[in-house]
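Overview (structure and organization)
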Amino acid sequence: MRLDKYLKVSRLIKRRTIANEACDNGRISVNGRVVKASYDVKVGDRLEINLGGRTLAVEVLMVAETVRKDDAAAMYKEV
């Protein structure tokens, strides 16, 4: 799954366009490397998101195309 779509489906970022812009501006890194929105997210990847003056580090636990709102938090674990 593309990184920008994963960020939206997991509800880490509210909209896919904002996730895409964050990737283009170098605010999102995977496993310590800045990546583009087209990066293919895999289970075990560590994402670092720098938005609004704060940094959020999460580990990918699950990749799914669609998830209910209640189950979205089960897709990642905060590190």
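Below: a short report on this structure. The residue count restarts for each chain, going from 1 along the sequence in the order it is written. Where totals are concerned, whole chains, interfaces and linings use all residues; where local detail is concerned, this predicted model gives features only for residues with pLDDT of at least 70, and gives and counts side-chain atom pairs only at 80 or more. Only hydrogens and water are removed before side-chain values are computed, so all heavy atoms of the structure are retained for them.

1. With respect to the pairing of strand S4 (residues 54-60)
Threshold: Pairs of strands are assigned from DSSP output, requiring at least two bridges between the strands. Per the convention used, a helix needs a DSSP run of H or I reaching at least four residues, while a strand needs a run of E reaching at least two, with both numbered from the N terminus.
Relative to S4, strand S3 (residues 46-51) runs antiparallel, the two sharing six bridges. In the strand pairing of S4, Asn 50 is matched with Thr 55. Connecting S3 to the next strand, S4, in antiparallel fashion are two residues, including Gly 52 with a positive phi near 60°. Inspection of the sheet shows S4 paired to strand S5 (residues 76-78) by three bridges, in the antiparallel sense. For Val 60, the partnering residue across the bridge sits in S5 and is Tyr 76.

2. As for the sheet that holds S3
Across the sheet, which stays open at both edges, the five strands sit in the order S2-S1-S3-S4-S5 with antiparallel pairing between neighbours. Pairing within the sheet leaves two strands with one partner each, and these edge strands are strand S2 (33-34) and S5.

3. Focus on helix H2 (residues 16-24)
Residues spaced three or four apart along an α-helix point in a common direction, a consequence of the helix completing one turn every 3.6 residues. Counted only if it meets this: Each residue is assigned to one of three classes by its accessible area relative to the maximum for its type, calculated with a 1.4 Å probe on protein chains only: buried under 20%, partly exposed between the two thresholds, exposed over 50%. This arc is taken over the directions from the axis of the helix to the C-beta atoms. The criterion used for residue contact is that any of the two residues' heavy atoms lie within 4.5 Å.
Those residues of H2 that sit buried are Ala 19, Ala 22 and Cys 23. Angularly, the buried residues of H2 cover 100° about the axis, an arc narrow enough to put them on a single face. Facing away from the buried surface of H2 by more than 90 degrees, the exposed residues are Thr 17 and Asp 24. Tucked into the core, H2 has its buried residues touching helix H1 (3-9), strand S1 (28-30) and S3. Backbone geometry just downstream of H2 places Gly 26 in the positive-phi region, at approximately 75°.

4. Topic: the pattern of salt bridges
Let me state the cut-off plainly: Salt bridge criterion: a side-chain nitrogen from Lys or Arg within 4 Å of a carboxyl oxygen from Asp or Glu.
The full count for this structure, using the stated rule, is six salt bridges. Residue Glu 65 pairs with Lys 5 through a salt bridge whose shortest N-O separation is 2.7 Å. One end of the pair, Glu 65, is in the loop between S4 and S5; the other, Lys 5, is in helix H1, and 60 residues separate them in sequence. By relative accessible area, which is 47% here, Glu 65 ends up partly exposed. Classification of Lys 5 by relative accessible area gives partly exposed; the value is 25%. Here Arg 68 ties to Asp 70 by a salt bridge, and the two come within 3.2 Å at their closest N and O atoms. Of the two residues examined, Arg 68 and Asp 70, each falls in the exposed class.

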